[in-house]
Every structure is written in C-alpha cells, then in structure tokens.
Amino acid sequence: MADTSETPSGQSQHGRIYGAARYYDIAFAYRDFAQECDFLAAVAARHLGRAPESVLELAAGPANHAIELAGRGLWAAALDREPAMVRYGTEKAAAAGVEIAYQEGDMTGFALDRPVDMALLLLGSAACLLTNSAVISCLQRVSEALAPGGVLIVELPHPRELFNIDDATEDGWEVTRDGTRVRVRWGSPGDSLDPVSQVAQVTTTLTIWEGGRKQVIRDKAFQRRFTVQELDALARASGCLEAVAWFGGLDLDVAIDDPEEAWRMVAVFQKPHLR
Ligand SMILES: C[S@@+](CC[C@H](N)C(=O)[O-])C[C@H]1O[C@@H](n2cnc3c(N)ncnc32)[C@H](O)[C@@H]1O
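Residues numbered from 1 in each chain as written. Predicted model: local features only at pLDDT ≥ 70, side-chain atom pairs only at ≥ 80, totals over all residues. Heavy atoms only, no water.

1. A look at the side chain of Q270
Turning to its location among the elements, Q270 is positioned in strand β14 (residues 264–270). You can call Q270 buried: its relative accessible area is 11%. At 3.0 Å, the side chain of Q270 and the backbone oxygen of H47 are in polar contact. Of note is the side chain of Q270, whose polar atom sits 2.9 Å from the backbone oxygen of G149. The residues touching Q270, leaving out its near neighbours within four places in the chain, are H47, L48, G149, G150, V151, C240, L241, E242 and V244. (Helix = DSSP H or I, 4+ residues; strand = E, 2+ residues; numbered from the N terminus. Buried < 20%, exposed > 50% of the residue type's maximum accessible area, 1.4 Å probe, protein only. Polar contact = N/O pair within 3.5 Å; in protein donor to acceptor, adjacent residues only side chain to side chain. Contact = heavy atoms within 4.5 Å.)

2. As for the site of the ligand
Taken together, 19 residues lie near the ligand, and Y24, R31, A59, D80 and M107 sit nearest. A distance of 3.3 Å separates a nitrogen atom of the ligand from a polar atom in the backbone of R81. Burial of the ligand by the protein amounts to 98% of the accessible area it has alone, namely 590 Å². Considering only residue class, the shell around the ligand consists of 9 nonpolar, 4 polar and 6 charged. (Near = heavy atom within 4 Å. Areas by Shrake-Rupley, 256 points an atom, 1.4 Å probe, with all protein chains shown as cover. Nonpolar A, V, L, I, M, F, W, Y, C, P; charged D, E, K, R; others polar.)

3. Quick look at the packing of helix α3 (residues 33–48) against helix α4 (residues 64–71)
The description of two helices packed together rests on the angle between their axes and the distance between the axes. Viewed as axis vectors pointing N to C, α3 and α4 meet at an angle of 75°, and their least axial separation amounts to 10 Å. In terms of axis orientation, α3 runs roughly perpendicular to α4. Residues F33, A34, E36, C37 and L40 of α3 form the contact with α4, whose own contacting residues are N64, H65, E68 and L69. Residues of the contact of α3 with α4, tallied by class, amount to 5 nonpolar, 2 polar and 2 charged. (Axes fitted to C-alpha atoms, helices over the stretch in contact; angles between N-to-C directions. Parallel < 35°, antiparallel > 145°, perpendicular 65-115°, else oblique.)

4. Notes on the UniProt feature "domain: Methyltransferase" (unreviewed entry) in the protein chain
Mapped onto this numbering, the UniProt entry gives "domain: Methyltransferase" (unreviewed entry) at residues 55–150. For residues 55–150, helix accounts for 36% and strand for 28%, while the C-alpha atoms at its two ends are 10 Å apart. (UniProt positions renumbered as here; feature names shortened; annotations may be inferred.)

5. Concerning empty space enclosed by the protein
Counting across every chain of the model gives 1 cavity of 30 Å³ or more. Here the largest cavity is characterised by a volume of approximately 90 Å³. Surrounding the largest cavity, L121, A126, L129, V135, C138, L139, L152, V154, L156, F226, L231 and F269 form its lining. Of all elements in the fold, only α6 (132–145) and β7 (146–157) reach the threshold of two or more residues within the lining of the largest cavity. Taken together, the residues that form the lining of the largest cavity break down as 12 nonpolar, no polar and no charged. (1 Å grid on protein atoms, 1.4 Å probe; cavity = no way out; pocket = protein on both sides within 12 Å on 5 of 7 lines; lining within 4 Å. Points joined across faces, edges and corners; volume = space filled by probe spheres on them.)

6. Observations concerning unusual backbone geometry
Although it is not a glycine, A63 sits at a positive phi angle of roughly 65°. Among the structural elements, A63 can be located in the loop between β2 (54–58) and α4. Take A63: its relative accessible area is 0%, and that puts it in the buried class. One non-glycine residue, D178, lies in the positive phi region at around 50°. Along the chain, D178 falls in the loop between β8 (172–177) and β9 (180–186). On the basis of relative accessibility, which here comes to 77%, the residue D178 falls in the exposed class.

As structure tokens, then:
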C-alpha cells in the first residue's frame, strides 16, 4: 500500500491522544467489536451479494475491527497516519494471532495493492476530514481500493446533535482494563462550532490511573460535523460512490430516522457492480 498524498490540507489533530495508543484503546473499549463486525459483514454481504472476503479499516487506530474480521478469515488491511497507532495495532494483531497489512498513511491519499470488498471508517473518524475536498479525495481513493460492488461503511455522530435536538452521544465515561483506569471527557463547555465551516474545536481529556500514578492527557482537535444530506451530496460529487443505505447505529434494526433509537449516523456507500 503506497501513500500517495500531497501535503494534506484541512486536517484534524488530537496528536497527543492518538499518540497514546494503548490508553486510547482502553478509553474506547466500551464497544462490542464482535457484534459491530456482525453488522458490518452483514451489511457488506447484503450489497455485495456474497460474504465479504477482504476489508480495509481506515483511520483504524488500534484496528480492532480489522483484527476481529481477520480472525474470521478475511484478508485485512488497515491505514492510519499516526505511527504509534500503526505500531500498537500491528502488535495487537500479532498478539491475537492474526496478520493485518497495517500501513502508515493518509486516508485522502493512499493506494492498495489489491482490491477489498469492504472499507470501514468508524467511530467518527470521518470528522477528521475537515473540507469537502478532503472528503471527496478520501471517497475517490476508497473507490479505487474497492472491488466492483464493494462498500464503504462510515459511522459518525447522529445529526440530531448538530441541530441541538438532543445529545445522542455520551461525552464522559470511564473504562478499566487490566488494572488501568481511563476516564474520558470528550468536549468541554468552552469548545466552539463554526456555523459556516461546520468545524468544531473539540477538547478531549484522558485521565489515567495506572500503577498508583495518575496522569492527564489533554488535547484539542478540529472536527467537521456532517448531515445526511451533505454525505449524500459529497458521494454524488465524488463521481464514484453512491449512498445505498443508512442506519441509526451499527445495528440492522435501528433506522437512521428512528426518533427513539437512532444515536449514530451510519452511511453505506457502494461502488457500482460491473455490468
Ligand atoms: C477516533 S480515532 C478512531 C480509531 C478507530 N477507527 C476506532 O474505531 O477506534 C481516529 C483515528 O484516525 C486517525 N486519523 C485522523 N486523520 C487521519 C487521516 N487523514 N488519515 C489517516 N488516519 C487519520 C487518527 O490517527 C486516529 O487513530
């Protein structure tokens, strides 16, 4: 996999948090990766017309989904621009007894050596793409990496939050693993949202208790907010992917417009099948 990016513009940061890969992994370990992968594989199969055999996890961080899917026999690749995440995810895969092709690179400028059936951009990582140009470059690179009929599944916060209808996502939580306790505070009252660019400045704090010591990692990042209509329009503008399904969570039973249950915005984009 080659990184073919020019200097990426309009990029988010959070370098301190993503550089602390093991603590990041603990902080976001509240998810059920096996169940999420059941959903991802089922959605891909529905649109491909067969079970997916390969996956690329973009902005993969610890690459938990790529590792879970590799354990199920898929050929798995991962991409992240943070070297600490690439090292951590590669070691985590080896410890799980699977191999993933994990490369350092930017999701707006990469190429794969072989096509994949499904690409994943999960847990709000698309918010790191701050401009329409960055989103379109990413969609075009993904389309080049997908096999015909292949899908890209994107998970973002539900737009109910952007429109201040309610707060669907928890902004504070705590996870303990192997004696290490990590408390997360995502966002702070002083954070701003630019209504023109839809870019928010988000302050994140990890408080870590480990081996009798406490440390605090505080970081800021720019994060783009998206709506359903924008994602649909950006896919059309990319000229290569089409929005084919929407969900309100990583769950086949939760519709994007379910006023009670929808708490995430999950978009499924597809590269056309060969005719
Ligand atoms: C919120 S974390 C998500 C990690 C993972 N997808 C998960 O579900 O836990 C975002 C990740 O995106 C990476 N990232 C941000 N911008 C990127 C870019 N332009 N290209 C590749 N990786 C990027 C960061 O280094 C970080 O590891």
